[in-house]
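A closer look at the structure
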Amino acid sequence: MLSKKQARTFFLGGTLVTFLVFIGLTVYSLSKSQDQTNHENITEQVVRGKNLWETNNCMGCHTILGEGAYYAPELTKVIDRRGKGYIKAVLTTPVPWAPNGRKMVAYGFSNEEADDLIAFFDWIDDIDLNGFERIVSPLSNDDN
Amino acid sequence: MKYKSQKVAYWFFALSLLLFALQIVYGFIMGFARIGFDGLHEFIPFNTARAVHTNLLVVWLLSGFMGAAYYIIPEEAQRELVSVKLAYVQLISLAVVGVVAIVGFHFNIWEGRKFLEIPRPLDYLVVVNVLLFLGIIIMTLIKGKRKTTTALVLTMGLLFAALLYLPGMLPFDSQVTDSFFRWWVVHLWVEGVWELIMGGILSFLLIKLTGVDREVIEKWLYVIVGLTFLSGVLGTGHHYYYIGVNNIWLIVGGIFSALEPLAFLAMALFAVNMYRKGEKKHPNKLALYWTLGAAIVSFIGAGLLGFAHTLPQTNLYTHGTLVTAMHGHLAFWGAYAMIVLAIISYSLPNMTGRKLYESSRGRIAFWTANIGMIGMTVAFGVAGVAQVYLERKMKMDFMEVQNEISVHFIVLILCATLFGTGIVLYMIDFIKHGRPNDEALETTDN
C-alpha cells in the first residue's frame, strides 16, 4: 500500500516535472520560429489600438480570439464580415448604438482612435488560429 | 475554537458573504440585460457588470480562503497567530482595494483583461496585501508547535497563488502573448494552486468532521494535489488551442486537460470514503453537507463539464461561446464557493459559541442554492449548445442567434432567483450566529 512518503514524492516529483515541461513548451511555442501572429506587423498603431481595446474593456462584452464575455459579437475577422467603413461608423458615433436591440456604449472615438482600433483588428485577422478563423468567419466555410 | 486569534476569520467570512451578495446582484443585472431589460445601461453597462461580477467572485473567494487560513493555521500549528492587529490591517486593506477597484469599473477605469481587470496601480496594493497575509501565516507556521501536511498544502496553495499573480502584470504588445500569460494566472489559479487551497481546507474539515486518522487523510491529500498538478499544469494548453500559438498545444492540452477530471474524481471519492470510514458522528451535519457537496459538485462542474468541451475537436466550435459560462458557473460554485461556505459553516458555531446547525434553515439553504445553481448551469448549457449550432454551424448572425436563445435566460433568471434565495437563507443563518466571542473558547472539543 502507498505510504505517505511515497505520496509526497509523487506530488513533488510530478509537479516539478510537469512545470519544467510546461516552461520548455512555453519557450518553444513563443520562439520566433514558431510565430503565427506576424509579430513584425505589430506597429505602434496596433499597440495603440490594443491599448484602447483594454482601457475600454471591450472584452467585457465582445470576444476576440474567442476570449471575452459572449454578450456582443466575436471581433476576430470582423473586417471580413463588416468592412472597415461600418466598423469606423460604430466606433465614432456619438449616439447610442443598439443593433438588434442590444446596446453598445457610445464611445464616440476620434477618427484617429478608430483607425488605431481598426489597425488592431486588421493585425488580429491575419493570425493563424489553427483553424478557428474558419469557424468565426461566415465568409469562409469548413470545406475550404 | 482553541485560540483567540482565530476570531479574525469571522470578519473575513463576513466580508466574503457581503461581496458574494453583491456579486449575485450584478449577475442579475447581466441576466436581465440579456433578455432586453437593460434600463441600467447608462450607469452600469454590461462590461461593467461583468467585470464587477467576476472580480467580486475572485475577491470574495480570496477573502474566504484567507479567513479559512486564519482559522485553520492556529489550530494546525497549535499557537496563536503572530499578529492579530496586522491581520485586521490586512482585512481592511483587502476590502479597500476591492471596493476601490469595483467603484473604478463604473467610471471606465480598468485594465480590460478578462478576470484581471483591476488597474495596474491597484495590482501593486494587492501584492502588498497578499505579502502581509502570507507573512502572518508563514510566521505562525514557523513558530508553531507542529507542521502538518494540511497546513503545508494550504499555505503552499496560498503562496503559489500569490506568485502566479505576477505573470499577469507583465506588459506585452501582442494580444496573443498577453493572453498566453493571462492564463498563467487564471488557469493555474483555478485549475492548479487553488485546488491545493481547496484540498487543504477539505482535509482539515474531513479530519474534524469524520475523525478518520490524520495520516490517512493527508496521504490521500498528497495524491490528489499530485494528480491536480500532473494534469492541470500542462492542461493550461486547452486555453492555447485557438489563440494564435503553436498547434503543439492541441495535443498537449488535449491529453492533459482530459486527465483533469481525475483529480476532482479522486477528491470526490476521497471525501465520500472518509465520511463512510469515519466513526465519529460530528453534530455539525450542515458543515458535512457543504464539505461533501463541494467535493461532489466540483467533480461534476469542474471535472465533467470541463471535460465536455476540453477536447480540441469540440473546443473548436465551443471556444468563445456560452458553453464556457455553463462550465464556469458550476465549477466555481462546486470547487470554491462551496468549500468556503463549508469552512464558514464549520467554524461559525465554534467562534460564536452558538450551535445553530440543527436549524432547517441551513439545510434548505444548501438544497435551494444547489438546485438553483444546477438549473442555471443547464440554462447556460442549452443556450450555449444552441449558440454553437446556430452561429458556428449554420453561420447565422450573432445577434439573430442571441435573440433566438434569449428564452433560456428567462430560465436562467428563475433558477438564479432560487439560488439567490438559498444564499440569503445562508446569510440569515450567519447573522443569527452573532459575533465571535472569547467565551466560545474551548467550549467545543473540535
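Model, not experiment: these values are computed from the prediction.

**Remarks on the overall build of chain B**
Across its full length, chain B holds 13 helices and zero strands. For a compact globule of 446 residues, the expected C-alpha radius of gyration is about 22 Å, and chain B comes in at 21 Å, within 12% of that figure. The principal-axis extents of the C-alpha atoms in chain B amount to approximately 65 × 45 × 45 Å. A buried classification covers 65% of the 446 residues belonging to chain B. When contacts within chain B are restricted to residue pairs at least 6 apart in sequence, those whose partners lie at least 24 apart make up 85%. Split by element, the accessible area of chain B, about 15,700 Å² in all, is 71% carbon and sulfur. Looking at chain B, you have 32 positive and 27 negative side-chain charges, and the mean spots of the two groups are 8 Å apart.

**Some details on the overall build of chain A**
Each helix and strand counted, chain A has six helices and two strands in total. Along chain A, from the amino end to the carboxyl end, the secondary structure elements read α-α-β-β-α-α-α-α. Burial status across chain A gives 47% buried among its 144 residues. Counting only contacts in chain A whose residues sit at least 6 apart along the sequence, the fraction spanning at least 24 positions is 53%. Accessible surface computed for chain A: about 6,900 Å², of which carbon and sulfur atoms make up 56%.

**Regarding a nonpolar patch on the surface**
Taken together, the side chains of B:Ile251, B:Ile255, B:Leu259, B:Leu262, B:Leu265 and B:Leu269 define a hydrophobic patch exposed on the protein surface, amounting to about 520 Å² of accessible area. Inspection of the secondary structure puts B:Leu269 in helix H8 (residues 248-277).

**Considerations on unusual backbone geometry**
Backbone geometry at A:Asn130 places phi at a positive 55°, although glycine is not the residue there. On the secondary structure map, A:Asn130 appears in the loop between helix H5 (111-125) and helix H6 (132-136). Since its relative accessible area comes to 17%, A:Asn130 is described here as buried. Located in the positive-phi region is B:Asn108, a residue other than glycine, with phi close to 60°. Relative to the assigned elements, B:Asn108 resides in the loop between helix H3 (84-105) and helix H4 (120-143).

**Quick word on the confidence of the model for chain B**
All names here are of chain B. On average, residues of chain B score 95 in pLDDT, and 99% of them reach the 70 mark or higher. Ranking the elements of chain B by mean pLDDT puts H4 last with 94 and helix H1 (residues 8-34) first with 98. The ipTM for the predicted assembly is 0.95, set against a pTM of 0.96.

**Description of the packing of aromatic side chains**
Counting across every chain of the model gives 45 aromatic pairs over all chains. Summarising the aromatic geometry, the rings of A:Trp53 and A:Phe121 are spaced 6.0 Å apart at their centres and angled 90° between planes, so their arrangement reads as edge-to-face. Placement of the pair is A:Trp53 in helix H2 (residues 44-55) and A:Phe121 in helix H5, with a sequence separation of 68 residues. Here the two residues A:Trp53 and A:Phe121 agree in accessibility, since each one is buried. Aromatic side chains B:Phe172 and B:Phe181 sit 5.2 Å apart centroid to centroid with 15° between the ring planes, which places their arrangement in the stacked category. On the basis of relative accessible area, B:Phe172 is assigned to the partly exposed category, the value being 23%. A residue is classified by how much of its surface remains accessible, and B:Phe181, at 12% relative accessible area, is buried. Following the ring pairs from residue to residue traces out a cluster consisting of B:Phe20, B:Trp60, B:Tyr289, B:Trp290, B:Trp333, B:Phe366, B:Trp367, B:Phe419 and B:Tyr426. Residue placement shows A:Arg102 over the ring face of A:Tyr71; its charged tip is 4.2 Å from the ring centre. Just above the ring of B:Tyr317 sits the side chain of B:Lys393; from NZ or CZ to the centre is 4.5 Å.

**Here's the deal with the nonpolar core**
Residues A:Phe121, B:Phe65, B:Tyr70, B:Trp189, B:Trp194, B:Ile201 and B:Trp333 are the most contacted members of the largest nonpolar core, which totals 200 residues. The greatest single-element share of this core, amounting to 22 residues, is contributed by helix H6 (residues 175-210) of chain B. Both of domain 1 (4-33) and domain 2 (37-125) of chain A provide at least three residues apiece to this core. Once residues within four sequence positions are removed from consideration, B:Trp194 is found in contact with B:Val58, B:Leu61, B:Leu62, B:Phe65, B:Ala161, B:Trp189, B:Phe332 and B:Tyr336.

**Concerning the packing of helix H12 (residues 360-393) of chain B against helix H13 (residues 398-432) of chain B**
Residue and element names in this part refer to chain B. Across the interface, H12 lies against H13 with an axial gap of 8 Å and an inter-helix angle of 165°. The angle between the axes of H12 and H13 places the two elements in the roughly antiparallel class. Here H12 runs over H13; the crossing is left-handed. For the contact of H12 with H13, the class distribution of residues is 26 nonpolar, nine polar and five charged.

Rules used in this analysis
Residues numbered from 1 in each chain as written. Chains lettered and ligands numbered in written order. Predicted model: local features only at pLDDT ≥ 70, side-chain atom pairs only at ≥ 80, totals over all residues. Heavy atoms only, no water. Helix = DSSP H or I, 4+ residues; strand = E, 2+ residues; numbered from the N terminus. Rg over C-alpha atoms; globule rule 2.2 N^0.38 Å. Buried < 20%, exposed > 50% of the residue type's maximum accessible area, 1.4 Å probe, protein only. Contact = heavy atoms within 4.5 Å. Areas by Shrake-Rupley, 256 points an atom, 1.4 Å probe, with all protein chains shown as cover. Lys, Arg positive; Asp, Glu negative; His and termini not counted. Charge placed at Lys NZ, Arg CZ, Asp CG, Glu CD. Patch = residues over 30% accessible without salt bridge, like charges linked within 9 Å, V, L, I, M, F, W, Y side chains within 5 Å. Salt bridge = Lys/Arg side-chain N within 4 Å of Asp/Glu carboxyl O. pLDDT = per-residue confidence, 0-100. Phe/Tyr/Trp six-rings, centres within 6.5 Å; stacked < 30°, edge-to-face > 60°. Lys NZ or Arg CZ within 6 Å of the ring centre and 35° of its normal. Core = buried A, V, L, I, M, F, W, Y, C linked by side-chain atoms within 4.5 Å. Domains from an automatic or database assignment. Axes fitted to C-alpha atoms, helices over the stretch in contact; angles between N-to-C directions. Parallel < 35°, antiparallel > 145°, perpendicular 65-115°, else oblique. Left-handed = near helix turned anticlockwise from the far one by under 90°. Nonpolar A, V, L, I, M, F, W, Y, C, P; charged D, E, K, R; others polar.

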